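# Secondary and tertiary structure notes
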Amino acid sequence: RLVWLSLTVTEGETVHFPIHTNHWILKLGSDKIAEKCRVEMAEKNLWEIEITDGRFKDRITSVNGFYCITDLKTEDAGVYTVQDLDENVFFKYKVTVLVALKGIEGYCVKIPCLVEGHIEILLKCRGVGVVATVTKGECKVTASTFTGRLNWDEDTRHFEITGLKTCDAGVYKVESKDGTKKVAKFDLTVLSQQQTLPIKYMDGERISIKAPVSQDRTLLYKGVRIAAVEQGKLRIYDKTFREKVTWEREGEHFDLSGLTAQDSGVYTVKNNAQWIIAKCHLTMNSAAQRDEEDVNTERDSLLNGRRQANFHPMALEQLQHP
């Protein structure tokens, strides 16, 4: 029996495949990359995953009835086959891995061609359709929302969208019409320049503020610079935050830890052009404040319940006579 499914994920994410048995083989194309098999140990039969393809070392796990491939790369795209060796059932998954692109509102983003071909190249956007057509090096924009904002560079072979808008976010596809159809897909995220998030935390909790841009970043507290990432290295400008601010290179975010109620306020991240790329308002609550809030919430819930009960005689009776 054969079952076909299609999955679309963005690079860096995790793909999950359901497992219906203890004994299975995972293939990419015709190559076996992993197998879950029985291992005899101390007179017990244990099941473990044997990874046979070095590209997936430490990236394949089995969790709660699923096997997972983590930290997906664009080259991981393809047709995966899960063969159930106990019931002789085949599950095939066509996995598409989107290239992750990030831009900032008002700035520009470049979409590389990534496909060969010089006769005709199409740029499409999900929900819009064909955005632009490149024929023998000449670009024609076909979607009015991109008029004057979309260009093609024949030398570097990439599209460039300028004056980014938050509504430009979405899935883009580059197609080549030369002979065999070839496709590259991209997941574009557009960050708003001004976005204030009210967040409440307990004293000492760890807080992450994402700042996904390729340029240097500056972290400000109440408008004053307290730290910056310059040429990939963190520099602390305010000594009171020396032990509280760290920079996570892979996740592209500042980590704040050990904050107290005195550290409540607005935190802002700017790039080297002084554009705001992240902004949040943190309120640090002590344990006593949080307990008091929980009591108030519980009290309000009870009062609301009694108000509602007044409209339901049976419910009111139950409250009065438990």
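Residues numbered from 1 in each chain as written. Predicted model: local features only at pLDDT ≥ 70, side-chain atom pairs only at ≥ 80, totals over all residues. Heavy atoms only, no water.

## Observations regarding the pairing of strand β23 (residues 245-248)
Residues Val245 and Trp247 of β23 are buried on one face, while the alternating residues Thr246 and Glu248, pointing to the opposite face, are not. Inspection of the sheet shows β23 paired to strand β24 (residues 253-256) by 4 bridges, in the antiparallel sense. Paired with Glu248 across the two strands is His253, which belongs to β24. (Buried < 20%, exposed > 50% of the residue type's maximum accessible area, 1.4 Å probe, protein only. Helix = DSSP H or I, 4+ residues; strand = E, 2+ residues; numbered from the N terminus. Pairing = 2+ DSSP bridges.)

## A word on the nonpolar core
Ile111, Phe159, Tyr172 and Val174 are the most contacted members of the largest nonpolar core, which has 25 residues in total. Going through the elements one at a time, β9 (89-104), β10 (109-112), β11 (120-125), β12 (129-135), β14 (150-153), β15 (158-161), β16 (170-176) and β17 (182-191) are the ones with two or more residues in this core. The greatest single-element share of this core, amounting to 4 residues, is contributed by β17. Not counting residues within four places of it along the chain, the set of residues in contact with Tyr172 comprises Ile111, Leu123, Lys124, Cys125, Phe146, Ile161, Ala184, Lys185, Phe186 and Leu188. (Core = buried A, V, L, I, M, F, W, Y, C linked by side-chain atoms within 4.5 Å. Contact = heavy atoms within 4.5 Å.)

## Structural notes on the sheet that holds β10
Paired through their backbone hydrogen bonds, the strands of a sheet run either parallel or antiparallel. Strand order in this open sheet of 3 strands is β10-β15-β14, and the pairing throughout is antiparallel. Bordering the open sheet on either side are β10 and β14, each of which pairs with just one other strand. Going from strand to strand, the sheet's axes swing by 25 degrees on average, the running direction of each strand aside. (Axes fitted to C-alpha atoms, helices over the stretch in contact; angles between N-to-C directions.)

## Things to note about the sheet that holds strand β7 (residues 66-69)
Taken in spatial order, the 3 strands line up as β2-β7-β6 in an open sheet, and their pairing is antiparallel. Every interior strand has two partners, whereas the edge strands, β2 (15-18) and β6 (60-63), have only one. Mean inter-strand twist for the sheet, computed between neighbouring axes without regard to direction, equals 25 degrees. Pairing of β6 with β7 involves 4 bridges; the strand directions are antiparallel. Bridge pairing links Val63 to Phe66 in β7.

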